[in-house]
Amino acid sequence: MRLMFFILSRCILKMDHHCPWVNNCVNFSNYKFFVLFLGWGIWYCLYISFTSLPHFLRLFKIGFRGAAEFQIMFLFFLGFLFSFSLICLFGYHLFLTTRNRSTLESFRVPVFFNGPDKRGFHLGWKANFQEVFGDQRELWFFPIYSSLGDGVNFPTRCLDFDSERLLGSHCNVRPYSDEEDDNNSVSNGMIQNHHDDDAPSRPNYVR
């Protein structure tokens, strides 16, 4: 389970971070809404910047005469700075989404039965994206809950080490690159791993 104890000793499902801007913990149930919030915020700030740009440029011709001109200048710079910071944050969280990691997992590697593995939940960028935004494309850009899973059990890219040891085989963990997105086959929402032919092929979930 990807859980984290945080404020008030509450157990947060797949906690990403605590966001003071929304005054809430970003986690499994609202991570999609947080990413959409960043995307919509970028468009809004860019809209403010570009609509105030002609008035801002005109100030250099007529000069600053009062508080109204100062407000236009402040609005332009504020929209530009916020859009720049949101673009950086939005890009970082899109990267985490395509790698199926949380912010906490990017700083502290999750530990599995076979040891730590920062790509343990990596199913391929398409499957990772669908785990957050769902498999219905018409709902991706709307504030409608469509994430896959229950927030407790998550598919992983390797087999359960303890279960395989009881069966007389071991989890085949090999070097894995971020570009190797399609080497794992996803079927019915569960990951099937590529390993030795004599080892049983079945999905594994972190319990």
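Criteria and cut-off values
- Residues numbered from 1 in each chain as written.
- Predicted model: local features only at pLDDT ≥ 70, side-chain atom pairs only at ≥ 80, totals over all residues.
- Heavy atoms only, no water.
- Helix = DSSP H or I, 4+ residues; strand = E, 2+ residues; numbered from the N terminus.
- Contact = heavy atoms within 4.5 Å.
- Buried < 20%, exposed > 50% of the residue type's maximum accessible area, 1.4 Å probe, protein only.
- Polar contact = N/O pair within 3.5 Å; in protein donor to acceptor, adjacent residues only side chain to side chain.
- Core = buried A, V, L, I, M, F, W, Y, C linked by side-chain atoms within 4.5 Å.

1. Some remarks on the overall build of the protein chain
Summing up its helical and strand segments, the protein chain has five helices and eight strands in all. Reading the helices (α) and strands (β) of the protein chain from amino to carboxyl end gives β-β-β-β-α-α-α-β-β-α-α-β-β. Counting only contacts in the protein chain whose residues sit at least 6 apart along the sequence, the fraction spanning at least 24 positions is 57%.

2. Notes on the side chain of N27
Tracing the chain through its elements places N27 in the loop between β4 (24-26) and α1 (31-62). We classify N27 as buried; its relative accessible area is 11%. At a separation of 2.7 Å, a polar atom in the side chain of N27 contacts the main-chain carbonyl oxygen of C25. At a separation of 2.8 Å, a polar atom in the side chain of N27 contacts the side chain of S29. When residues no more than four places from it in sequence are discounted, the contact partners of N27 are I12, L13, K14, M15 and D16.

3. Some points on the nonpolar core
As a rule of thumb, nonpolar side chains are buried together in soluble globular proteins. Within the largest apolar cluster, 15 residues are counted, with the highest numbers of intra-cluster contacts made by V26, Y31, F34, L86 and F133. When residues of this core are traced back to their parent elements, those giving at least two are α1, α2 (67-99) and α4 (125-133). The residues touching L86, leaving out its near neighbours within four places in the chain, are L38, G41, I42 and C45.

4. Section: the side chain of S147
Tracing the sequence through the fold places S147 in the loop between α4 and α5 (161-166). In this structure the side chain of S147 is engaged in a polar contact, spanning 2.5 Å, whose partner is the backbone oxygen of V132. Apart from the residues lying within four places of it in its own chain, the contact partners of S147 are K32, E131, V132 and G134.

None of this, on its own, says anything about what the molecule does.
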